[in-house]
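Observations on the model geometry
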Amino acid sequence: MQGEATLRLLDKADKEILKLPREVKGAIYDFQHKFRKSPANPGLHFKQLKGHPRLYSARVNQEYRALLLHAGEADYILVAVKNRRDVYDNLDRFAYQINPVTGGIEFVDLVSIEERVRHEPSVSEEPKPLFAAFTAEQLLGLGVAEPLLGLIAKITTEDELLGLAEYAPQLTTEVLLGLHDGKSVDEVLDQITTPVTAPEPVDAEDYQAALTRPATQVTTDDTALQEVLEESFGRWRVFLHPTQHKVVERDYSGPARISGGPGTGKTIVALHRVRYLVDRLGPGDDKAVLFTTFNKNLAADLRQRLLELAGAEVVRRVEIVNIDKLATQIVAEAEPGGRRRWIDDARALQEWDELLLEQEETRWDGEFLHAEWSHVILGQAIHSRADYFRARRAGRGRPISREDRAEIWQLVERYVKRLDEKELWTFRQVAERAARLEIERARELASYEADQVSSVKLQRESGIWHRPRYRHVVVDEAQDLSSAHWKMLRAMVPEGPNDIFLAGDTHQRIYGNYVSLGSLGINIRGRSSKLTLSYRTTHEILGAALGLLGTEDWDDLDDGRDDLLGYRSVLHGTRPVLRPASTWAAELDAVVEQVKEWDDVAPAAIAICVPERRMVAEVENRLGKAGIVAAAIGQDGPKLYDAIHVGTMHRFKGLEYQRMILVGVAEGLVPSRHVFQYRESDPLRHRRELQRARSLLFVAATRARDTLVISWHGQKSRFLP
């Protein structure tokens, strides 16, 4: 046992590590360095466990031991960190194998899993086990871990199933949940098992070969273990789970969509899809794949995650940019030298309000006119009064007459002139202009290609203008894009196999963009898949968050209905805490006390979410007075990393934290009181504003991984139970 060793971390071991005291995590940090340098270091007490030819223990500190699976040569896998009394007293509790179906390495702690199942015989008639209809041979053929068959035979409730699934190998979890949801053995075999089946015969003793297979979900380098200990493990968790494989590597005849609730791995699927598409490209240096999303913070995160997943060579072939920046680039490319400044929706609304005040116009409000202009006029690329009179206003709610349209058109013309004089653009104007430019470019390309049929010479002389801008487009957080964005994207890539792949969840729509993809030339029908298993949020937090959505109907981006049926988590934790306060000051005091209690985690693992921008500074100041370092989340992310992060609900989109406090969840703030002015005048707008407020609260609540506290002062929000 001389010389250096390689230490990897097995998937699901991170969950156990993250629950350990902070000082133990620090000891693991020191341990990993010592072990990699020399397992023979006397201070590690490195030794083989009795009766286990491949399982070893090593000293982390006085109380805790690392369990290490020897994969051969100098390769070791960290499979668990446990109190020493749980290591040596019952060695039969540990089981490991190379799965004969997938060829991947699996490790289970039978005692820990049995404790999670908590099977208690009923006083009355014993209920029928959930999997009584399936033989052991069938389950093993689907890839279920053999050491768990005895426990599986005892499961009688979904809670017991979820308890087992929390620590069971991933394929076992997916197979059992699929069978429980009513899938047949053949359907589970086709949809879950086959995509991860080893292509070659599996040697049950060749752990070196097993270590190289995708089914062995381990970190690929030693620094990843450090990220887990620093609680930034979400960045390296880019493993594909069985139900995601088929989505990623399928050939689609046209645009395709993947949906699912928060934490189900939609972004991970999108990342792998990008790599899959790049790997199938021929040689070249062009950026043939576009990877885009709505938020620029998320775009930067996607770039980093793709770099970690696929490497620089793949990233070199991908254009990674947020959608508004992409539109801006298109316009600037076509119209160089422009001096216009871009303004956000808040500034655009301010300009509307000032115009209406100057015009002494009281019939229409700025929000309605801005939405009408953005979604109907710009969204449908309408350029004349006559076209506006004929335009469909699906989903706009408040009906308007021909005379109303004439008034609105006149106000829009004045508004656009006002922006022109100030040399201002809204992002929606830029998107609409970019869409028109790309549509025209696509028409010229089609005309040029038609000419090539009769001119081989021209074909040889084709320039960059006469090539499609991209061969594939992948979109994350698709529910946030507007009609103009989709028109632009549709024109950027030729229609055909694998042209557009989008990931999104309309339950998380927070920007009010309602589209029908089919009407925009993006037909996803028959090419949609859904993910239902959350890998981030606990069962308890997820249940509470789903309750926040109420009984609303949600669209599927294509004139149909969407739902979160079957959405579940196999992680368990504490129930969310609902905490009232008499005043805003008292609520802030409670926040300070709660943060002080959470001294066992790093500051950056804690976040505080507020409904209004003004409240961010108030929370920061109150924490500062208590000697607690806090940092606001701005457009470019948190101002400080090693601090408690504070931001509005919009700012937390795409982020995750170990512990979260949602403050100010009071009536009049969530939802905002201004929503109710539309109750009589525009019922559909009123309903959609309420739905958007629910989505914001749902998104904020599901940023929490382990612990969630929701507080309010005065009357609690109508969305809370």
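Before reading further, recall that the structure is shown in the block above.
Owing to the predicted nature of the structure, the values given are computational and were not obtained by experimental measurement.

Right, let's talk about the overall build of the protein for a bit. Per the secondary structure count, the protein includes 27 helices and 26 strands. Viewed in the frame of its principal axes, the protein has a C-alpha envelope of about 85 × 75 × 55 Å. Distance between charge centroids for the protein: 3 Å, based on 98 positive and 109 negative side chains.

Another point: the nonpolar core. Ile 608, Val 619, Leu 623, Met 660 and Leu 662 are the most contacted members of the largest nonpolar core, which has 60 residues in total. If sequence neighbours within four positions are ignored, Val 619 has contacts with Trp 584, Leu 588, Ile 608, Val 610, Val 646 and Val 663.

Before going further, it helps to examine the packing of aromatic side chains. Taken as a whole and assessed by the stated rule, the structure comprises 17 aromatic pairs. Relative to Tyr 76, the ring of Tyr 56 lies with its centre 6.2 Å away and its plane at 90°, an arrangement referred to as edge-to-face. Of this pair, Tyr 56 sits in strand β3 (residues 55–59) while Tyr 76 sits in strand β5 (residues 75–83); the two residues are 20 residues apart in sequence, bridging distant segments of the chain. The pair formed by Tyr 56 and Tyr 76 is uniform in burial state, with each residue classed as buried.

One pass over the structure, following the stated rule, counts 48 salt bridges. A salt bridge links Asp 181 to Arg 568, with the shortest nitrogen-to-oxygen separation between them at 2.9 Å. Linking Asp 181 in the loop between α8 (170–180) and α9 (185–193) with Arg 568 in strand β19 (residues 568–569), this pair joins segments that are 387 residues apart in sequence. When the shortest N-O distance is used, the salt bridge between Asp 589 and Arg 622 registers 2.7 Å. Here Asp 589, found in helix α25 (residues 584–597), pairs with Arg 622, found in helix α26 (residues 614–625); they are 33 residues apart in sequence, far enough to count as distant. The partly exposed category is assigned to Asp 589, whose relative accessible area is 36%. With a relative accessible area of 26%, Arg 622 lands in the partly exposed category.

Moving on, we get to the packing of helix α24 (residues 539–548) against helix α27 (residues 683–701). In contact at an axis separation of 9 Å, α24 and α27 are set at 170° when each is read in the N-to-C sense. Judged by the angle between their axes, α24 and α27 are roughly antiparallel. Across the interface between the two elements, Ile 541, Ala 545, Leu 546 and Leu 548 of α24 pack against Arg 694, Leu 697, Phe 698 and Ala 701 of α27. Residue composition of the contact of α24 with α27, grouped by class: seven nonpolar, no polar and one charged.

Looking now at the environment of Val 218. By secondary structure assignment, the location of Val 218 is in the loop between α10 (207–211) and α11 (223–229). The exposure class assigned to Val 218 is buried, which follows from its relative accessible area of 6%. In the structure, Val 218 is positioned 336 residues away from Trp 554 in sequence and 37 Å away in space, judged by C-alpha atoms.

Another aspect to go through is the layout of surface pockets. Within this model, the second largest pocket holds a volume of roughly 950 Å³. As for the second largest pocket, its lining consists of 47 residues, and the residues nearest its centre are Asp 11, Lys 12, Ala 13, Phe 107 and Tyr 167. Those elements giving two or more residues to the lining of the second largest pocket turn out to be α1 (13–18), β5, α3 (85–88), β7 (105–109), α4 (110–117), α8 and α12 (242–249). Along the lines of polarity and charge, the residues of the lining of the second largest pocket split into 24 nonpolar, eight polar and 15 charged.

For strand β8 (residues 256–260), the buried fraction is high: five of the five residues fall into the buried class. Inspection of the sheet shows β8 paired to strand β15 (residues 528–531) by four bridges, in the parallel sense. Following the sheet pairing, Gly 260 is matched in β15 by Leu 531.

The first and last C-alpha atoms of helix α14 (residues 296–310) sit 21 Å apart over 15 residues, in line with the 21 Å expected at 1.5 Å per residue. For α14, every residue scored as buried is listed here: Leu 298, Ala 299, Leu 302, Arg 305, Leu 306 and Leu 309. Down the axis of α14, the smallest arc covering the buried residues is 130°, so these residues share one side. Buried residues along α14 sit in contact with α13 (266–279), β9 (289–293), α15 (312–315) and β10 (318–322). For α14, the side-chain oxygen to backbone nitrogen distance between the N-cap and Asn 297 is 2.6 Å, and the N-cap itself is Asn 295. Gly 311 sits one or two residues past α14 and shows a positive phi near 95°.

Bringing the packing of helix α17 (residues 345–358) against helix α20 (residues 402–421) into the picture now. For the pair α17 and α20, the least separation of the axes is 11 Å and the interaxial angle reads 120°. In terms of orientation, α17 and α20 fall into the oblique class. The chirality of how α17 crosses α20 is right-handed. Taking contact as the criterion, the partners of Ala 348, Glu 351, Trp 352, Glu 354, Leu 355, Leu 356 and Glu 358 in α17 are, on α20, Leu 411, Val 412, Arg 414, Tyr 415, Arg 418 and Leu 419.

What follows covers α25. In this model α25 runs 20 Å from its N-terminal to its C-terminal C-alpha over 14 residues, within 8% of the 20 Å that 1.5 Å per residue would give. For α25, the complete set of buried residues consists of Trp 584, Glu 587, Leu 588, Val 591, Val 592, Gln 594 and Val 595. Looking straight down α25, one finds its buried side chains confined to an arc of 165°; they lie on one side. If you follow the buried residues of α25, they end up packed against β20 (577–581), β21 (606–610), α26, β24 (644–648), β25 (657–662) and β26 (704–713).

Further remarks concern the side chain of His 245. Along the chain, the position of His 245 falls in helix α12. When residues no more than four places from it in sequence are discounted, the contact partners of His 245 are Pro 195, Val 196 and Leu 240.

With that settled, the discussion passes to empty space enclosed by the protein. Considering all chains together, one arrives at two cavities of 30 Å³ or more under this definition. What lines the largest cavity is a set of twelve residues, among which Lys 12, Lys 15, Gln 170, Tyr 535 and Val 570 lie closest to the centre. When grouped by side-chain class, the residues that make up the lining of the largest cavity number five nonpolar, three polar and four charged. As for the second largest cavity, its lining consists of Thr 506, Arg 509, Tyr 514, Trp 554, Gln 691, Arg 692 and Ser 695. Top element by residues in the lining of the second largest cavity is α27. It accounts for three residues.

Criteria and thresholds
Residues numbered from 1 in each chain as written. Predicted model: local features only at pLDDT ≥ 70, side-chain atom pairs only at ≥ 80, totals over all residues. Heavy atoms only, no water. Helix = DSSP H or I, 4+ residues; strand = E, 2+ residues; numbered from the N terminus. Lys, Arg positive; Asp, Glu negative; His and termini not counted. Charge placed at Lys NZ, Arg CZ, Asp CG, Glu CD. Core = buried A, V, L, I, M, F, W, Y, C linked by side-chain atoms within 4.5 Å. Buried < 20%, exposed > 50% of the residue type's maximum accessible area, 1.4 Å probe, protein only. Contact = heavy atoms within 4.5 Å. Phe/Tyr/Trp six-rings, centres within 6.5 Å; stacked < 30°, edge-to-face > 60°. Salt bridge = Lys/Arg side-chain N within 4 Å of Asp/Glu carboxyl O. Axes fitted to C-alpha atoms, helices over the stretch in contact; angles between N-to-C directions. Parallel < 35°, antiparallel > 145°, perpendicular 65-115°, else oblique. Nonpolar A, V, L, I, M, F, W, Y, C, P; charged D, E, K, R; others polar. 1 Å grid on protein atoms, 1.4 Å probe; cavity = no way out; pocket = protein on both sides within 12 Å on 5 of 7 lines; lining within 4 Å. Points joined across faces, edges and corners; volume = space filled by probe spheres on them. Pairing = 2+ DSSP bridges. Expected span 1.5 Å × (residues − 1). Arc of directions from axis to C-beta. Polar contact = N/O pair within 3.5 Å; in protein donor to acceptor, adjacent residues only side chain to side chain. Left-handed = near helix turned anticlockwise from the far one by under 90°.

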